[in-house]
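Notes for the structure review
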Amino acid sequence: MNDTGSFAQYVVIGNPIAHSKSPEIQTRFAADTAQDLRYGRLLAPLNGFAAAVQQFIAQGGKGANVTVPFKLQAYALASSLTARAKAAGAVNTLKFDGADILGDNTDGIGLVTDIARNAGYDLAGKKILLLGAGGAARGAMLPLLQSAPLQLVIANRTPAKADELIQKFQPCAQGCALTACAFADLQQPFDLVINATSASLQADVPPIAPQVFGAATLAYDMMYGRQPTPFMQFAAAQGAQVRDGLGMLVEQAAESFFVWRGVRPRTDAVFAALRAQLS
Ligand code: ATR
C-alpha cells in the first residue's frame, strides 16, 4: 500500500481477510466501468482497526469496505453516517473525503436488490419472515421496510432481541405490520423467509416448523457456499424456491462502488463468475 500512484486506492479491511472476494469483485467492476482504481486487502490487527484506517488515508486511500470483526468500530470511527448506516448500527463502507470519513452500510440494500431485481421478486404487499436478530438482521430491516411489505415477522432464538429490533424499527414500519415471536410460535406460511442467523456457519438450521414454507415461498439464506445451506435444503424439501446470499454479496459490493465512484457497475457477469468458481 506504499505505492500511491495516480489511481484511486481502495481496500477491504478485516481480520482475517485472505478469503475475501471483494478485491476480485471490485476489480471486475472497475474494468467494466473503465474506472482507474486499485483495490486490495488490508489485514488490520484486532486492536488496531482505527490506526490501520488512518494510515491508509495518509497513504492516499479513497475508501474501504469493512468486514468481520470491525463493522461496529467502523461505525464509531466515521465522522458522518448515512441514514442506512445509522439504522443498521454498523458500517461496511467507508469513503474518505478530506478530513471526512463517511460511514455507510450497503448490506441491506444489497439483499433487497438481489431479491427484487435478480430474483425478480416484488416485496411490496408480501408476508416476510426474518430469522435472526443480530447484526445481519438489523442491517436488513430498513431496506426491507422501505420495500413496503404487508407484514414483517422477526423470529429469534433469543426472543428478547427480536423484541428490541421491533421497538427500534416501529417508527419506520409505515403500513407494515411489524411483530416479533419465538421460533416455536411460527405455524403459518410466508411469501419470503430470510435466514439472517449465523446457524448455517455451524451447519445448523433454526428450529422452525415446515409449515412456514409453501410452494410459492422464496427461502433466502444470507450465507452461501458450494452446496445449498442446511436451511435451503430444509426449505426445498418443503417445496419452497431457494436462493443463497451470493447475489447479496455482489450487490452490496456494487452499491459500495456506486458510493465511491458515482457509477453503477453491471453485476450479472461478476455473479456468474463467482458462481462458476463455487461449482
Ligand atoms: P451476525 O452479524 O451474523 O448477525 P450476530 O450479531 O452474532 O451475527 O447474530 C447471530 C444471529 O444468529 C443471532 O440472531 C443468533 O441468535 P441469538 O440472538 O439467540 O444468539 C442467531 N443464531 C446463531 N446460531 C444459531 C443457531 N444455531 N440457531 C438459531 N439461531 C442462531
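To be clear, the structure that these remarks concern was listed above.
Residues numbered from 1 in each chain as written. Predicted model: local features only at pLDDT ≥ 70, side-chain atom pairs only at ≥ 80, totals over all residues. Heavy atoms only, no water.

1. Describing the overall build of the protein chain
Stated precisely, the cut-off is as follows: Strands are runs of DSSP state E lasting at least two residues, helices are runs of H or I lasting at least four, and both sets are numbered from the N terminus onward. Our radius of gyration looks at C-alpha atoms and nothing else; its globule reference is 2.2 Å times the residue count to the power 0.38. The classification of residues rests on relative accessible area computed with a 1.4 Å probe and restricted to protein chains. Under 20% of the type maximum is buried, over 50% is exposed, and intermediate values are partly exposed. Pairs of residues are marked as contacts when any of their non-hydrogen atoms sit within 4.5 Å. All tallies of charge rest on Lys and Arg as positive and Asp and Glu as negative; His and the ends of each chain are not included. Where a charge sits is defined by one atom per residue type, namely NZ (Lys), CZ (Arg), CG (Asp) or CD (Glu).
Each helix and strand counted, the protein chain has 10 helices and 12 strands in total. At 19 Å, the protein chain has a C-alpha radius of gyration in line with the 19 Å of a compact globule built from 279 residues. Over its C-alpha atoms, taken along the principal directions, the protein chain stretches across nearly 60 × 40 × 30 Å. Counting all 279 residues of the protein chain, 51% fall into the buried class. The long-range fraction of contacts in the protein chain, counting pairs at least 24 apart against all pairs at least 6 apart in sequence, stands at 69%. Separation of charge centres in the protein chain, based on 22 positive and 20 negative side chains, amounts to 2 Å.

2. Some words on the packing of aromatic side chains
As a reminder, the rule being used: Stacked, edge-to-face and tilted are the three classes for Phe, Tyr and Trp ring pairs, Trp counted by its six-membered ring, which pair at centre distances within 6.5 Å; planes under 30 degrees apart are stacked, over 60 edge-to-face, the rest tilted.
Per the counting criterion, the structure on display carries 7 aromatic pairs. Ring geometry for Phe49 versus Phe70: centroids 4.9 Å apart, planes at 25 degrees, classification stacked. Taken as a pair, Phe49 in helix H2 (residues 49–58) and Phe70 in the loop between strand E3 (61–66) and helix H3 (71–77) lie far apart in primary sequence, 21 residues in all. Overall, Phe49 belongs to the buried group, its relative accessible area being 1%. Relative accessible area serves as the criterion here: at 0%, Phe70 is assigned to the buried category. Pairing Phe213 with Phe234 gives two aromatic rings, centres 5.9 Å apart and planes at 80 degrees, and the pair type is edge-to-face.

3. Thoughts on the site of the ligand
Heads up, the condition is: Throughout, near means a residue has at least one heavy atom within 4 Å of the molecule or strand. Here a polar contact is recorded for every N or O atom pair within 3.5 Å, except that within protein the pair must consist of a potential hydrogen donor and a potential acceptor, and residues adjacent in sequence are included only if both atoms are side-chain atoms. In these tables, accessible area is a Shrake-Rupley quantity obtained with a 1.4 Å probe, and a residue counts as shielded only by the protein chains included in the view. Residue type decides the class: Asp, Glu, Lys and Arg count as charged, Ala, Val, Leu, Ile, Met, Phe, Trp, Tyr, Cys and Pro as nonpolar, and the leftover types, Gly among them, as polar.
Within the structure, the ligand sits among 14 residues, and Ala136, Asn156, Thr158, Lys161 and Asp204 are positioned closest to it. Separating an oxygen atom of the ligand from a side-chain N or O atom of Arg157 is a distance of 2.9 Å. With the chains in place, 74% of the 640 Å² that the ligand exposes on its own is no longer accessible. In the shell around the ligand, the residues fall into 3 nonpolar, 8 polar and 3 charged.

4. Regarding the nonpolar core
Our working definition: Among buried residues, the Ala, Val, Leu, Ile, Met, Phe, Trp, Tyr and Cys ones that are joined through side-chain atoms within 4.5 Å form a nonpolar core.
Grouped together as the largest cluster of nonpolar side chains are 31 residues, with contacts concentrated most on Leu111, Ile115, Leu130, Met141, Leu144, Leu192 and Ile194. The leading source of residues in this core is helix H6 (residues 135–146), at 6 residues. Here Ile194 is in contact with Leu111, Ile115, Ile128, Leu129, Leu130, Leu131, Leu144, Tyr220 and Met222, once residues within four sequence places are set aside. Among the nonpolar cores identified, the runner-up in size contains 19 residues, and Ala8, Leu246, Val250 and Leu274 belong to it.

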